Amino acid sequence: MTPPLKAALWMIGAIFSFTAMAVAAREISQTHDSFEIMAARSIIGLVLVLVIGKAIGQLGYISSQRLSGHFWRNIVHFTAQNLWFWSLTMIPLAQVFALEFTSPLWVILLSPLFLGERLTLSKLAAAGLGFAGILIVARPDITNLSPGVLAAAGSALGFAATSILTKRLTRDEAIITILFWLTAFQAVFGILAATYDGHINWPTTETLPWLGLIGVCGVLAHLSLTSALTLAPASFVMPIDFIRLPLIAVIGAMSYGEAIDPFVLGGGVVIFLGIWISIRAELQERRISA
């Protein structure tokens with residue numbers, strides 16, 4: 001199996017993990033704020049990383065040589081993730097994902113500047129079609145920008161920066177190192193933020209399973225995303241994430257009664273077309289260079 005196909009399969013794992021996190025966060029949003037969710041997610045994730053790292057004998061690969069890089073990556077990601085969790089409680093799921101998916105467009109446009117990746121016509125086509133599909137699905141009203149819309153848009157820019165910083169770290173850092181510092185830093189950030197007002201809502205018997213799902217899926221999502229980024233360029237990997245938009249639109253309609261219409265299906269077709277163009281071009285380029 002070629003590296004681009006492996007990267008695409010890893011991204012499918014990330015897609016399902018991020019989708020499960022969104023549903024779980026919506027389910028407990030009336031009990032826990034975004035800081036409490038982030039704290040629980042990161043603590044559970046840190047335990048999982050240590051247990052799995054011990055089981056596969058990779059704890060010795062954890063390094064602090066690029067600690068400052070991990071710190072700033074996680075500052076950016078923590079901010080973006082909290083904006084994302086908060087926006088899930090403010091606007092429909094499909095709209096959150098639609099705005100979040102401007103993130104791959106930023107990655108495609110910024111990766112030549114910060115990662116030295118080539119900006120090809122196929123990547124521009126994938127970005128353009130993906131963005132067109134998002135507009136078809138979401139049809140955003142720019143004259144009515146609510147706090148939830150602004151939060152989702154801010155999270156998209158933060159996720160784009162996180163992807164670029166992650167790609168830079170994958171050049172000389174082991175995946176276990178990236179996951180360890182991700183969960184460790186964000187556990188500290190989450191605890192500090194959740195307790196800043198002197199009050200914290202502790203998990204209940206109803207919310208604990210959802211928090212556990214968020215913690216597990218958080219690790220799986222970033223394991224999948226980081227693995228994909230080690231196998232293929234960021235500008236190839238990130239547009240695959242567009243698949244989440246039609247998926248969450250269907251889930252929102254079935255689980256929460258959020259309206260779904262033919263524009264979602266039409267936009268999904270356009271999004272898939274853009275992804276296919278990107279994947280096919282990357283595979284052809286690999287065959288030519290082999």
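A brief structural summary.

Rules and cut-offs
Residues numbered from 1 in each chain as written. Predicted model: local features only at pLDDT ≥ 70, side-chain atom pairs only at ≥ 80, totals over all residues. Heavy atoms only, no water. Helix = DSSP H or I, 4+ residues; strand = E, 2+ residues; numbered from the N terminus. Rg over C-alpha atoms; globule rule 2.2 N^0.38 Å. Buried < 20%, exposed > 50% of the residue type's maximum accessible area, 1.4 Å probe, protein only. Contact = heavy atoms within 4.5 Å. Areas by Shrake-Rupley, 256 points an atom, 1.4 Å probe, with all protein chains shown as cover. Lys, Arg positive; Asp, Glu negative; His and termini not counted. Charge placed at Lys NZ, Arg CZ, Asp CG, Glu CD. Axes fitted to C-alpha atoms, helices over the stretch in contact; angles between N-to-C directions. Parallel < 35°, antiparallel > 145°, perpendicular 65-115°, else oblique. Left-handed = near helix turned anticlockwise from the far one by under 90°. Nonpolar A, V, L, I, M, F, W, Y, C, P; charged D, E, K, R; others polar. 1 Å grid on protein atoms, 1.4 Å probe; cavity = no way out; pocket = protein on both sides within 12 Å on 5 of 7 lines; lining within 4 Å. Points joined across faces, edges and corners; volume = space filled by probe spheres on them.

Before going further, it helps to examine the overall build of the protein chain. In terms of regular secondary structure, the protein chain is built from 12 helices and 0 strands. Ordered by position from the N terminus, the helices and strands of the protein chain form the series α-α-α-α-α-α-α-α-α-α-α-α. Rg of the C-alpha trace for the protein chain: 18 Å, near the compact-globule value of 19 Å for 290 residues, within the 12% margin. Seen through its C-alpha atoms, the protein chain measures out along the principal axes to roughly 55 × 50 × 30 Å. In the protein chain, which comprises 290 residues, the proportion classed as buried is 50%. Sequence separation of 24 or more characterises 91% of the internal contacts of the protein chain that already satisfy a separation of 6 or more. When the accessible surface of the protein chain is summed, it comes to about 13,200 Å², and 70% of that surface belongs to carbon and sulfur atoms. Here the protein chain contributes 16 positive and 15 negative side-chain charges, whose respective centroids are spaced 14 Å apart.

Glancing now at the side chain of Ser-63. With respect to the helices and strands, Ser-63 occurs in the loop between helix H2 (34–55) and helix H3 (67–88). In this view, Ser-63 contacts Glu-173, Thr-177 and Trp-181; residues no more than four positions away in its chain are not counted.

Direction vectors running N to C along H2 and helix H8 (residues 175–194) enclose 150 degrees, while the axes themselves pass 7 Å from each other. Overall, the two elements H2 and H8 adopt an arrangement that is roughly antiparallel. Our pair here, H2 against H8, has a crossing hand that is left-handed. Contacts from Phe-35, Glu-36, Met-38, Ala-39, Ser-42, Ile-43, Gly-45, Leu-46, Val-49, Leu-50 and Gly-53 in H2 reach Ile-176, Leu-179, Phe-180, Thr-183, Ala-184, Gln-186, Ala-187, Gly-190, Ile-191, Ala-193 and Ala-194 in H8. The residue inventory of the contact of H2 with H8, partitioned by class, reads 15 nonpolar, 6 polar and 1 charged.

Its location among the elements puts Ile-28 in helix H1 (residues 3–28). C-alpha of Ile-28 to C-alpha of Trp-210: the two residues are 182 residues apart in sequence and 7.2 Å apart in space. When neighbours within four sequence positions are excluded, Ile-28 is seen to be in contact with Ile-37, Thr-207, Trp-210, Leu-211 and Ile-214.

For the structure shown, the criterion picks out 2 cavities of 30 Å³ or more. The computed volume of the largest cavity comes to approximately 200 Å³. As for the largest cavity, its lining consists of 18 residues, and the residues nearest its centre are Phe-18, Glu-100, Phe-159, Leu-225 and Arg-244. Counting residues per element, the ones that place at least two in the lining of the largest cavity are H1, H3, helix H5 (103–114), helix H7 (147–169) and helix H9 (208–231). Here the lining of the largest cavity is built from residues that sort into 9 nonpolar, 6 polar and 3 charged.

Below, the discussion takes up the environment of Leu-157. The topology assignment puts Leu-157 in helix H7. Distance in space between the C-alpha atoms of Leu-157 and Trp-106 is 7.2 Å, their sequence separation being 51 residues.

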